[in-house]
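Structural description and commentary
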Amino acid sequence: MTKAVTVRSALIWLGLAIALGAPTIAAAFSPLLAWRDGTYVAASFAGILALCILFLQPLLMADKVPGLKGRHLHPRLGGLLVILVIIHVGALWLTSPPDVIDALLFTSPTPFSAWGVVAMWATFAAALIVFFRRKMGLRWAPARRVHLALTTLVVAGTVVHAWLIEGLMEPITKAILSGLVVLAAIYGFARVARR
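Definitions and cut-offs
Residues numbered from 1 in each chain as written. Predicted model: local features only at pLDDT ≥ 70, side-chain atom pairs only at ≥ 80, totals over all residues. Heavy atoms only, no water. Salt bridge = Lys/Arg side-chain N within 4 Å of Asp/Glu carboxyl O. Buried < 20%, exposed > 50% of the residue type's maximum accessible area, 1.4 Å probe, protein only. Phe/Tyr/Trp six-rings, centres within 6.5 Å; stacked < 30°, edge-to-face > 60°. Helix = DSSP H or I, 4+ residues; strand = E, 2+ residues; numbered from the N terminus. Lys NZ or Arg CZ within 6 Å of the ring centre and 35° of its normal.

Scanning the model with the defined rule gives one salt bridge in all. Taking the shortest distance from any N to any O, the salt bridge between Arg 71 and Asp 63 comes out at 3.5 Å. Given a relative accessible area of 42%, Asp 63 falls into the partly exposed group.

Below you can see the structure in the form of C-alpha cells.
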C-alpha cells in the first residue's frame, strides 16, 4: 500500500468519524436530556444512529469505505437499521402509546410523524424485498429497482422527519449529517444507474 493510499484512507476514516461522531456527541450533551427519561433517550439515540447508518449504506455499496468489504457489510447494516427503527418506535410507544397510534394512523398533528411513519414502512419493505427476494420469485434486477425506490423513500422520509423534530440533535450537526445522507444517496443511486 502506497503512502498516498494510506493518507487517503486515513482522511476518509477521519471524515466519517467527524460526520457521524459530531451529531451523536452533540446530542449526548443536549440540555434536553435533563428533562427526558431513559426510554425517550433510547428512542432518540436509536433514531440518530439510524440516520448515521443511512449515510454509510450507499458508501458501503459503492465500496468507498477503505478496509471494509462494503457489499458484505451493507445487508448487515440494513438489518441493524431495521432493529434501530423498531427500537425507536417501540421506545416511543412505551413513552406515549397514543402519540404513536396517532402517527401510525396519520392523524398526528405533528408533520414530522407522518414522514417518520413513511420512512419506517419503506425501511421494512426494502428489507423484506432483499431478504425474501428468492422466496417471492423476484429476479435480482427488478428487486434492486424496487429496493432503490424504497430506499429513496427511506432517505427522504427520514431526513425530513429528523429535520422537523426539535429534539436532542443539535441543529447545525443535524443539518450537515442530513445533507451528507442525501448526497451519499444521490451518489449511490447514480452509480447503480450507470451500471
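Inspection of every chain in the model, using the stated rule, returns one aromatic pair. Both rings, one in Trp 121 and one in Phe 124, keep their centres 5.8 Å apart while their planes meet at 80 degrees; by these two values the pair is edge-to-face. Note that Trp 121 and Phe 124 are positioned in helix H5 (residues 111-131) at a spacing of three residues, about one turn of the helix. The side chain of Arg 36 reaches across the aromatic face of Tyr 40, ending 4.3 Å from its centre.

Take it as geometry only, folks, not as evidence of what the structure does.
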